[in-house]
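The chain contents come next:
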Amino acid sequence: MNAPVTLPAVRTTCPYCGVGCGVLARADGFGGATVQGDPDHPANFGKLCSKGSALGETLSLDGRLLHPMMRDSHGILLRTSWDAALDKVASGFNQTLEKYGPESIAFYVSGQLLTEDYYVANKLMKGFLGSANIDTNSRLCMASSVAGHKRAFGSDTVPGSYEDLDQADLLILTGSNSAWCHPVLHQRMLRNKETRGAKIVVIDPRQTSTTDDADLILQIAPGTDSFLFSGLLVHLAATNCVDRTYVSTSTAGYAEALARARHIAPDADAVAHHCGIPVAQVQTFFDWFCRTERTVTLYSQGVNQSAQGTDKVNAIIKCHLATGRIGRAGMGPFSLTGQPNAMGGREVGGLANQLAAHMGFAEADLDRVQRFWDAPAMAQTEGLKAVDMFEAIDSGRIKALWIMATNPAVSLPRANAVRAALAKLDLLVVSDVLERTDTTLAGAHVLLPAAAWGEKDGTVTNSERRISRQRAFLDAPGEAKSDWWIVAQVGQRLGFKDAFNYPNVVSVFDEHARLSAFENNGTRDFDIGGLAGLPAAAFDALPPSQWPFKASETAGIERLFADGQFFTNDRRASFIAVAPPRLAESPTTSFPLLLNTGRVRDHWHTMTRTGKSARLSAHVEEPYLEICPVDAVSYGLSDGGFARVMSVHGNATVRVIVRESVKQGTVFSPMHWSAETCSDGRIGALVQPATDPVSGQPELKATPVSVAPHVFAQHGFYLARGEAAPPKAAWWCKVTVEGGTGYRLALTSAATAMTDLAANCFKGTGLAEFTDETHGIYRAMVVQNGRLEACLFLSSDGQALPNWEWLKSNLADPVLEPDTHRALLSGRAVEGASQGGPIVCACFAVGKTTIEGAVRSGACATVDDIGAHLKAGTNCGSCRPEIRKLIACIAANAAFEPAQ
């Protein structure tokens, strides 16, 4: 084998959250790469979170869709040519248009797309196919923020920049677990706290890793954010903290908004009652906000993902408008974007209720965009938003759908109904990097292989309006192509050759930039005309740039609205009189608990990328349900057991974690697991379809559910080298491990487990077994050429199972010692074998047992000691709260140990 080739590092941008971290990626010459943070990128200055640090481990071709595929008359997907696949897509959409009209077709796209991909798809749909039925998974993420911005500012404008997090004296995090979901920014806030003494307030129904660093925690009841911020507005007025000059010169609607706020939350006592928190906490929060001019309020999915998300956003914004704390250093409302290019998708009109370049469906905007595109069939009205779109598919109104770079059969509410609806389509086209996802397996007629991160070239925009380049450093494998190219080819085949004859990605970006400046006399916020006309070399070297970036300017604008001028007709910001808060669906006797969903630290979306990394998969390996101790007792659940979680829409079976941090009457479960990674852990199947009436964003944080214990007869582990199919007749959860695949198992029938499951798992030679039917124990392994190929362990009580981390290490080991053979069959680790325990620090793969050992030995007494000794917690810092808890737990236990 040839030695790895050392190639130059390429500056690119991380493909995960909206922080938009710069990455230095260096291809290794064998299809992989090493990555590190770009020290010169202003979003992260070299820092990366655990997911970004592990990007090099997610680049394998395992499971990649490498060639176009089409379903034959027998329903079998077969490889085909690009010409045949593109012709099929174009003819299918054309036939649907002729037979049913433009409202019968739809695109569902993604914040994983680059801006150029988004632009071409939006142009084809709205300007040439004649429908606005193009929406994006950003509808599940930031739509309420978009709607709130537009109602208040007249435009979808994020006023500030990340530098405000360094300069604020009060940082309010509401509906945001930034320690896990935006860790690079969270560490930036903590540095401000440590160096400048900034206070941090966290508002969340859950206590999370983010609350561990808070000076004040408001654990409000679900859905009560607007009570809190309406009460704050009332308090600001009552204590003379309103900037009346600013309100009178730069805003409108203050009196009406204040009157509504007084009706909703007349005083601190009313706020405390509705939010379910002590009145002293409410008064402290109000006092801190009043006397701290440099205040930034950061909000994310806990605010947006709500049937009243837009009102919650406006309730936050109006407190900043009332105090004039917007557009200046260290202050303002700040939306933390969920996806790498949710902002870019908004810029090109990727949402069904937008046109390109932040224009809407007003007559003047329609005329302007139509003339610029020379569009023959301009959509005249807004299209269907995501949830409505899939309901239209289910009812038969939409006949043809193109899904790009997303997995709605997992992520949308009522995921089971979504999957069933997809099977009804006359034409389902899916562009993806993977061949097998819940969505591609839902009946796709055409699969199109898309280029992945590292292979794509274009731009993305982060949460602070900063446009950064994603640059290719790997060759696209097989026949994979960029999404913009795929859509443009279909556009040409539909008869629009001139409009979609893009020679390269630079030409797409140039058209996007020119449209942003077209007839823009300063009444539109989005303007990157200064980046139009870039030659290929200048586009390739484009540094991270904040918009607006007008033709007459040499740099973007860091903060907007500093002059008190907005993008409304009268140039004044609007106070919005929000509706009284209420839940879309309240708990009932049958469904008494409210289910909250969200992310875990080291996984992303439906794990199609992070699930490839053994390191990222090691922190949280199974879907779970967090429940408080009181509710656990009430419903018969035990820590470490299983629960059946049920709603009127679906159900799932997941592991139980009992935690004091969960508010009584609520439960939490992460949304990442799909039918490809767990036999019964798809939380999207339970989620209600209620949406915000303004933004169309679904309520993902408060679905009424019931829970019940689910008892299995046997529990176990199955590990196999390489890729392995899931065992049949078992509850299983798939985990990528070093060297292969692991499955965590649970079985209802002990009687058939040992025979049926073993027959399913082992098909090679070299099988060694141990059976103890009396105690329900079964152990088996296949060793070939001294290497563990597969092993299966079952136990009726789950207590007689060997250490899972030790098992994984043996699969990773190229050669097993004879003692290890015997130890595997005995189910006990060899004495002295290294057992680091479950991963705590994913950046440096440091396990719980290793950290505990360092503390108990006396070598480490603080989180910083652990960092110096083991490196854990010294990169993204998202594991520091967990390390702190481990140290505190050991100290507490030591205090109760009797003296020797």
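Let me sum up the structure you'll find in this document. As the structure is a computational prediction, the values presented were derived from the model and not from experiment.

**Remarks on the overall build of the chain**
Turning to step 1, where the next piece is worked out: A tally of regular secondary structure across the chain gives 30 helices and 34 strands.
Turning to step 2, where the next piece is worked out: Scaling as 2.2 N^0.38, a compact globule of 900 residues should have a C-alpha radius of gyration of about 29 Å, and the chain matches this with 27 Å.
Turning to step 3, where the next piece is worked out: Principal-axis analysis of the C-alpha atoms gives the chain an extent of 80 × 70 × 55 Å.
Turning to step 4, where the next piece is worked out: Once local pairs closer than 6 in sequence are excluded, the contacts in the chain between residues at least 24 apart make up 70%.

**Remarks on helix 3 (residues 115-129)**
Turning to step 1, where the next piece is worked out: With 15 residues, helix 3 should reach 21 Å at 1.5 Å per residue; the first-to-last C-alpha distance of 20 Å fits that figure.
Turning to step 2, where the next piece is worked out: In terms of burial, helix 3 is largely enclosed, as 15 of its 15 residues are buried.
Turning to step 3, where the next piece is worked out: Positive phi appears at glycine 130, one or two residues downstream of helix 3, with a value of about 85°.

**A closer look at the environment of threonine 589**
Turning to step 1, where the next piece is worked out: On the secondary structure map, threonine 589 appears in the loop between strand 20 (573-574) and strand 21 (593-598).
Turning to step 2, where the next piece is worked out: Given the relative accessible area of 80%, threonine 589 is considered exposed.
Turning to step 3, where the next piece is worked out: Note: C-alpha distance between threonine 589 and serine 706 (117 residues apart in sequence) is 9.0 Å.

**A look at the pairing of strand 17 (residues 458-461)**
Turning to step 1, where the next piece is worked out: Both faces of strand 17 are covered, namely the face carrying Gly458 and Val460 and the face carrying Thr459 and Thr461.
Turning to step 2, where the next piece is worked out: Of the pairings in the sheet, the one linking strand 17 to strand 18 (residues 466-470) comprises four bridges and is antiparallel in character. Directly across from threonine 461, in strand 18, lies its bridge partner isoleucine 467.
Turning to step 3, where the next piece is worked out: Counting the residues that bridge the hairpin from strand 17 to strand 18 gives four residues, and of these arginine 465 lies at a positive phi of roughly 70°.

**Overview of the packing of helix 11 (residues 268-275) against helix 12 (residues 279-291)**
Working note: a packed helix pair is described by the angle between its axes plus the distance between those axes.
Turning to step 1, where the next piece is worked out: At a minimum axis separation of 8 Å, helix 11 and helix 12 run at an interaxial angle of 120°. Comparing the axis directions of helix 11 and helix 12 gives the class oblique. Our pair here, helix 11 against helix 12, has a crossing hand that is right-handed. Residues Ala268, Asp269, Val271 and Ala272 of helix 11 touch helix 12, and the partners they reach there are Val279, Val282, Gln283 and Phe286.
Turning to step 2, where the next piece is worked out: Class assignment of the residues belonging to the contact of helix 11 with helix 12 gives a composition of six nonpolar, one polar and one charged.

**Here we look at the sheet that holds strand 26 (residues 703-709)**
Two modes of strand pairing occur in sheets, parallel and antiparallel, and in both the strands are linked by backbone hydrogen bonds.
Turning to step 1, where the next piece is worked out: Overall, mixed pairing links the six strands, which are arranged 21-25-22-24-23-26 in a closed barrel. Along the sheet, successive strands turn relative to each other by an average axial angle of 45°, direction set aside.
Turning to step 2, where the next piece is worked out: Across four bridges, strand 22 (residues 624-627) lies against strand 24 (residues 651-658) in parallel orientation. Residue pairing for strand 24: tyrosine 624 is matched across the bridge by arginine 655.

**Regarding helix 12**
Turning to step 1, where the next piece is worked out: The terminal C-alpha atoms of helix 12, which comprises 13 residues, lie 18 Å apart, in line with the 18 Å expected from a rise of 1.5 Å per residue.
Turning to step 2, where the next piece is worked out: Those residues of helix 12 not exposed but buried are Val282, Phe285, Phe286, Trp288, Phe289 and Cys290.

**Some remarks on the sheet that holds strand 10 (residues 216-218)**
Turning to step 1, where the next piece is worked out: The strand order across the open sheet formed by five strands is 10-9-8-12-13, and the pairing between neighbours is parallel. The open sheet has two edge strands with one neighbour each: strand 10 and strand 13 (332-335). Between one strand and the next, the sheet's axes are offset by a mean angle of 15°, whatever the strand orientation.
Turning to step 2, where the next piece is worked out: Examined bridge by bridge, strand 8 (residues 170-174) and strand 12 (residues 295-299) share five bridges and lie parallel to one another. Bridge pairing links leucine 170 to threonine 295 in strand 12.

**Side note on the packing of aromatic side chains**
Turning to step 1, where the next piece is worked out: As enumerated under the stated definition, the model contains 29 aromatic pairs in all.
Turning to step 2, where the next piece is worked out: Three or more aromatic residues link up through ring pairs in this structure, and these residues are Phe128, Phe496, Phe500 and Tyr502.
Turning to step 3, where the next piece is worked out: If you follow lysine 199 out to its NZ or CZ, it ends over the ring of tryptophan 288, 5.3 Å from the centre.
Turning to step 4, where the next piece is worked out: Of note, lysine 399 hangs over the ring of tyrosine 100, and the distance from its end group to the ring centre comes to 5.1 Å.

**Observations concerning unusual backbone geometry**
Turning to step 1, where the next piece is worked out: Cis geometry is adopted by the peptide bond preceding proline 548, which originates at tryptophan 547 and carries an omega value of 0°.
Turning to step 2, where the next piece is worked out: The backbone of histidine 358 shows a phi angle near 60°, a positive value even though the residue is not glycine.
Turning to step 3, where the next piece is worked out: Along the polypeptide, histidine 358 turns up in the loop between helix 15 (342-347) and helix 16 (363-373).
Turning to step 4, where the next piece is worked out: We note that arginine 465 has phi near 70°; this positive angle belongs to a residue other than glycine.
Turning to step 5, where the next piece is worked out: When you line up the elements, arginine 465 lands in the loop between strand 17 and strand 18.

**Remarks on the pattern of salt bridges**
Turning to step 1, where the next piece is worked out: Summed over the entire model, instances satisfying the criterion amount to 47 salt bridges.
Turning to step 2, where the next piece is worked out: Measuring nitrogen to oxygen at the nearest pair gives 3.0 Å for the salt bridge that ties glutamate 455 to arginine 64. Taken as a pair, glutamate 455 in the loop between strand 16 (446-449) and strand 17 and arginine 64 in the loop between helix 1 (50-53) and strand 4 (69-71) lie far apart in primary sequence, 391 residues in all. Judged on exposure class, the residue glutamate 455 and its partner arginine 64 are both buried.
Turning to step 3, where the next piece is worked out: For the salt bridge of aspartate 394 with lysine 424, the shortest nitrogen-to-oxygen distance reads 2.6 Å. Taken together, the residues span a long stretch of sequence, with aspartate 394 in helix 17 (residues 386-395) and lysine 424 in the loop between helix 19 (415-422) and strand 15 (427-432) at a distance of 30 residues.
Turning to step 4, where the next piece is worked out: Look at the salt bridges and you will find they share partners, linking Glu621, Glu622, Arg655, Arg744, Glu805 and Lys808 into a network.

**Focus: the side chain of aspartate 510**
Turning to step 1, where the next piece is worked out: Tracing the backbone through its elements, the reader meets aspartate 510 in helix 21 (residues 505-517).
Turning to step 2, where the next piece is worked out: Among the polar contacts listed, one links the side chain of aspartate 510 to the backbone nitrogen of glycine 533, at a separation of 2.5 Å.

**Some points on the nonpolar core**
Turning to step 1, where the next piece is worked out: Ranked by internal contacts, the top residues of the largest apolar core, which has 103 residues, are Phe107, Trp373 and Trp402.
Turning to step 2, where the next piece is worked out: Tallying contributions element by element places helix 3 first for this core, with eight residues.
Turning to step 3, where the next piece is worked out: Residues in contact with phenylalanine 107, not counting those within four places in the same chain, are Phe93, Ala121, Leu124, Met125, Leu129, Asn133, Ile134, Asp135, Met389, Leu401, Trp402 and Met404.
Turning to step 4, where the next piece is worked out: Core analysis: the second largest hydrophobic core is formed by 55 residues, Phe153, Leu170, Ile264 and Phe286 among them.

**Concerning the environment of alanine 198**
Turning to step 1, where the next piece is worked out: Along the chain, alanine 198 falls in the loop between helix 7 (183-196) and strand 9 (199-203).
Turning to step 2, where the next piece is worked out: Looking at alanine 198, the relative accessible area reads 3%, which means it is buried.
Turning to step 3, where the next piece is worked out: Remark: the alpha-carbon pair of alanine 198 and glutamine 167, spanning 31 residues in sequence, is separated by 8.6 Å.
Turning to step 4, where the next piece is worked out: When sequence neighbours within four positions are dropped, the list of residues in contact with alanine 198 reads Ala168, Asp169, Leu171, Asn192, Lys193 and Asp215.

**Observations concerning the environment of glycine 154**
Turning to step 1, where the next piece is worked out: Residue position: glycine 154 is located in the loop between helix 4 (143-153) and helix 5 (163-167).
Turning to step 2, where the next piece is worked out: Between the alpha carbons of glycine 154 and alanine 379 there is a distance of 22 Å; along the sequence they are 225 residues apart.
Turning to step 3, where the next piece is worked out: Apart from the residues within four sequence positions on either side, glycine 154 is in contact with His149, Phe567 and Thr568.

**Brief notes about the state of the cysteines**
Turning to step 1, where the next piece is worked out: By the definition in use, this model includes zero disulfides.
Turning to step 2, where the next piece is worked out: Take cysteine 17: it sits in no disulfide, and the sulfur closest to it among the cysteines is that of cysteine 21, at 6.1 Å.
Turning to step 3, where the next piece is worked out: The thiol of cysteine 141 is not disulfide-bonded; the next cysteine sulfur, from cysteine 17, is found 10 Å away.
Turning to step 4, where the next piece is worked out: Overall, cysteine 141 belongs to the buried group, its relative accessible area being 5%.

What counts and how
- Residues numbered from 1 in each chain as written.
- Predicted model: local features only at pLDDT ≥ 70, side-chain atom pairs only at ≥ 80, totals over all residues.
- Heavy atoms only, no water.
- Helix = DSSP H or I, 4+ residues; strand = E, 2+ residues; numbered from the N terminus.
- Rg over C-alpha atoms; globule rule 2.2 N^0.38 Å.
- Contact = heavy atoms within 4.5 Å.
- Expected span 1.5 Å × (residues − 1).
- Buried < 20%, exposed > 50% of the residue type's maximum accessible area, 1.4 Å probe, protein only.
- Pairing = 2+ DSSP bridges.
- Axes fitted to C-alpha atoms, helices over the stretch in contact; angles between N-to-C directions.
- Parallel < 35°, antiparallel > 145°, perpendicular 65-115°, else oblique.
- Left-handed = near helix turned anticlockwise from the far one by under 90°.
- Nonpolar A, V, L, I, M, F, W, Y, C, P; charged D, E, K, R; others polar.
- Phe/Tyr/Trp six-rings, centres within 6.5 Å; stacked < 30°, edge-to-face > 60°.
- Lys NZ or Arg CZ within 6 Å of the ring centre and 35° of its normal.
- Salt bridge = Lys/Arg side-chain N within 4 Å of Asp/Glu carboxyl O.
- Polar contact = N/O pair within 3.5 Å; in protein donor to acceptor, adjacent residues only side chain to side chain.
- Core = buried A, V, L, I, M, F, W, Y, C linked by side-chain atoms within 4.5 Å.
- Disulfide = S-S within 2.5 Å.

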